[in-house]
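Analysis of the macromolecular model
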Amino acid sequence: MWQSYIYGLHWKHDGKMYYDELPAESKEDAAEYFIDHMRDDVMLIKIELVGPNEGGVREYSHRPDTPSPFKPLVARRRLDKDDNAR
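Keep in mind the model is a prediction, meaning the values are calculated, not measured.

The next subject is the pattern of salt bridges. Counted by the stated rule, this structure contains two salt bridges. Put simply, R39 and D41 hold a salt bridge, and the shortest N to O gap is 3.0 Å. With relative accessibility at 19%, the residue R39 sits in the buried group. For D41, a relative accessible area of 42% puts it in the partly exposed group. The residue E48 makes a salt bridge to K46 at a minimum N-O spacing of 3.8 Å. Residue classification places E48 among the partly exposed positions, given a relative accessible area of 31%.

See the structure below:
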């Protein structure tokens, strides 16, 4: 049976420590995802298992005014196709 877990990620930015939670199948998957998508000015400190991913809605662990560890997403649009055409 496929199981997903919630991992707590402790990371550092500008000398301040932050904490976020990330769903993943293993600790290695959580670390790999964070490292692959983190910004250059962020350092991953520690990963710990929080518990099984029960589904449902989870609140973000950080306040909206704290920096995000991840690089901003870039929207990709096809310029050769009209988005409004059916």
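Now that the structure has been shown, the text picks up again.
A few words on the nonpolar core. Listed in full, the twelve residues of the largest apolar core are Y7, L9, W11, Y18, L22, A24, A30, A31, F34, M38, V42 and I47. At the level of secondary structure, the elements contributing two or more residues to this core comprise β1 (5-13), β2 (16-24), α1 (27-37) and β3 (42-52). If sequence neighbours within four positions are ignored, L9 has contacts with Y18, Y19, D20, L22, F34, L44, K46 and I47.

As for its placement among the helices and strands, I35 is situated in helix α1. Looking at I35, the relative accessible area reads 46%, which means it is partly exposed. In this structure, the C-alpha to C-alpha distance between I35 and P69, residues 34 residues apart in sequence, is 9.7 Å.

Mean pLDDT over the protein chain stands at 77; residues scoring 70 or higher make up 66%. Per-element confidence in the protein chain ranges from a low mean pLDDT of 89 for β2 to a high of 93 for β3.

As enumerated under the stated definition, the model contains two aromatic pairs in all. Where Y5 meets Y7, the ring centres are 6.4 Å apart and the plane angle is 65°; that geometry is what we call edge-to-face. What makes Y5 partly exposed here is its relative accessible area of 29%. Their ring planes at 25° and their centres at 4.7 Å tell us that W11 and Y18 sit as a pair that is stacked. In this structure, W11 and Y18 share a single accessibility class: buried.

What counts as what
Residues numbered from 1 in each chain as written. Predicted model: local features only at pLDDT ≥ 70, side-chain atom pairs only at ≥ 80, totals over all residues. Heavy atoms only, no water. Salt bridge = Lys/Arg side-chain N within 4 Å of Asp/Glu carboxyl O. Buried < 20%, exposed > 50% of the residue type's maximum accessible area, 1.4 Å probe, protein only. Core = buried A, V, L, I, M, F, W, Y, C linked by side-chain atoms within 4.5 Å. Helix = DSSP H or I, 4+ residues; strand = E, 2+ residues; numbered from the N terminus. Contact = heavy atoms within 4.5 Å. pLDDT = per-residue confidence, 0-100. Phe/Tyr/Trp six-rings, centres within 6.5 Å; stacked < 30°, edge-to-face > 60°.

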